[in-house]
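# Geometric and topological summary
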Amino acid sequence: MLNLMMVWRRFRDQPGWAERPLFANPHLNRALIIKHRLRRDELDLFRRRRQVATKVVIPIDPSDLKLGGRYVFVDQSDFMRVMRDVFGSSIPESDLETLRLIDNLPSLDPFLLREQLARSGRSPDPVYFDLTEADRSRMFAFAQAEIAPLVAASMGRDEHTFDRAAVLVGKILSNADGEEMEPLRLTLRLAPEDYSEGVFCWKGFLYYKWCLASVMAEIGPVAGEIARVKPFGPTTIEERAELTQCREALVGWIKRTLSDAAETLKVYDIAYGHLTGNGRPTAFREFLLDAPLLFVRLGEQVAALRHIVSFWRYRVGGGPIPADEMLDIFADFEQSLARDAGRGDDGQRAA
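These remarks concern the structure in this document. The residue numbers shown here count from 1 along each chain, following its written sequence. The predicted origin of the model limits local features to residues at a pLDDT of at least 70 and limits the giving and counting of side-chain atom pairs to 80 or more, whereas totals for whole chains, interfaces and linings rest on all residues. Only heavy atoms go into the side-chain values, all of them from the structure, while hydrogens and water stay out.

### A look at helix H9 (residues 192-228)
A run of H or I in DSSP becomes a helix once it reaches four residues, and a run of E becomes a strand once it reaches two; helices and strands are each numbered from the N terminus. Helix span is expected to be 1.5 Å times the residue number reduced by one. A rise of 1.5 Å per residue sets the reference length of H9, with its 37 residues, at 54 Å; its end C-alpha atoms lie 54 Å apart and thus fit the reference within 8%. We define the bend at each residue as the angle formed by axes fitted to the 7 residues ending at it and the 7 residues starting at it. The principal kink in H9, of about 35 degrees, is found at Met-216.

Spelled out as structure tokens, the structure:
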């Protein structure tokens, strides 16, 4: 979910929030944007078949979300009519284009979102791409362990290394800037105009490495369940054959995606090793400046794996799954893993 209501609450007093908004329409710029797996009664809202849609929710009362809100799915059949009903005639074409760019993303994490918009010439203020407090808290210990070798290489390893790493991680994750971050900029040998971009990309790799470490602990058991689970109720010979074929294909996609993501992270680890072990900050600097070519694909892969884990756990907990629904779920999972297969060349060239 992209919680623009929370962004508004946290940053509305900062000039950048209003001067470089994500959306020009003020109601849309305080909306909740959600990646939503369509229920069966929602599939007919779209002209083409799809499993996941982008849902835009406008709360009735911004101070009490329990009261609900009005919503629309991006590019549903009567999209423009519903948008006029919700927003009137004040939705500029640029906002509609931004919604469609967001709709094309597999997830709404800030790193994928920022790069998707940048490729189309859009550059909202950085406050729109901040990590949530929950994500910062959960990944802090992981990032601290990652940053500790850099602190040790710079200042020597002693009993205070982890404490110093914690301070640096706090500054990196909170987008700290100014004189207090000047030593890090000099260590990375980044020009002032490249520093913010480089650290944003570094934070992106830390985020995806943390996400992948988390999902790898869960995707194996889920893949095992997918390979074994039996559908509820009677099945035809054709359904059983199709389920067998889909299972094998899906498990193969999961293995390939994990392998590809691990190879991409190896490129990061090698570049970071040059910085901390070989005293070659230039190699890591060049990696950071080229990083978007790599972490866009990595982000899509991680998003697909997290989607499989979270939705499978949710659906299995909801009771037995009939054969036709199971086939739909497997098709959704395979499509989410296969969506970036045609974009692998750019990532390989960057590697």
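### Concerning the nonpolar core
Among buried residues, those of type Ala, Val, Leu, Ile, Met, Phe, Trp, Tyr and Cys that are joined through side-chain atoms within 4.5 Å constitute a nonpolar core. Each residue is placed in one exposure class: buried if its accessible area under a 1.4 Å probe, protein chains only, is under 20% of its type's maximum, exposed if it is over 50%, and partly exposed if it falls in between. Counting residues in hydrophobic clusters, the biggest one holds 104 residues, and the most contacted among them are Ile-147, Trp-202 and Phe-284. Per element, the largest residue contribution to this core is 17 residues, and it comes from H9. Should any heavy atoms of two residues lie within 4.5 Å, those residues are counted as being in contact. Sequence-distant contacts of Trp-202, defined by excluding residues within four places in its chain, comprise Ile-147, Leu-150, Ile-172, Leu-184, Leu-188, Tyr-268, Tyr-272, Phe-284 and Leu-288.

### With respect to unusual backbone geometry
Backbone geometry at Asp-75 places phi at a positive 65 degrees, although glycine is not the residue there. Tracing the backbone shows Asp-75 in the loop between strand E4 (69-73) and helix H3 (79-87).

### Structural notes on the packing of aromatic side chains
To pair, rings of Phe, Tyr and Trp, with the six-membered ring standing in for Trp, must have centres within 6.5 Å; the planes then decide the type, stacked if under 30 degrees apart, edge-to-face if over 60, and tilted in the middle. Inspection of every chain in the model, using the stated rule, returns 20 aromatic pairs. Measuring from centroid to centroid gives 5.0 Å for Phe-111 and Phe-200, while their planes differ by 50 degrees, and the two rings are tilted. Note that Phe-111 is positioned in helix H5 (residues 110-119) and Phe-200 in helix H9, a separation of 89 residues in sequence. Like Phe-111, the residue Phe-200 is buried in the burial classification. When the centroid spacing of 5.9 Å and the interplanar angle of 65 degrees are considered together, the rings of Phe-111 and Tyr-208 count as edge-to-face. Remark: Tyr-208 occurs in helix H9 and Phe-111 occurs in helix H5; sequence separation between them is 97 residues. Charges are assigned to positions over rings by a cutoff of 6 Å between ring centre and Lys NZ or Arg CZ, combined with an angular limit of 35 degrees from the ring normal. A cation over an aromatic ring shows up here: Lys-55 above the ring of Tyr-71, its NZ or CZ 4.3 Å from the ring centre. Between Arg-256 and the ring centre of Trp-253, over which it is positioned, the NZ or CZ distance is 4.5 Å.

### A short note on the layout of surface pockets
For each structure, a 1 Å grid was placed over the protein atoms alone; sets of points admitting a 1.4 Å probe that cannot get out are labelled cavities, open sets with protein on both sides within 12 Å along at least five of seven lines are labelled pockets, and lining residues have an atom within 4 Å of a point. Grid points are joined across faces, edges and corners, and a volume is the space filled by probe spheres set on the points. Taken as a whole, the largest pocket spans an internal volume of roughly 1,300 Å³. Surrounding the largest pocket, 46 residues form its lining, Met-1, Lys-35, Pro-106, Ser-107 and Leu-108 being those nearest its centre. Those elements giving two or more residues to the lining of the largest pocket turn out to be strand E1 (2-3), helix H1 (4-11), strand E2 (32-37), strand E3 (52-59), helix H6 (133-155), H9, helix H12 (292-316) and helix H13 (323-338). Looking at the lining of the largest pocket, the element that brings in the most residues is H12, giving 7 residues.

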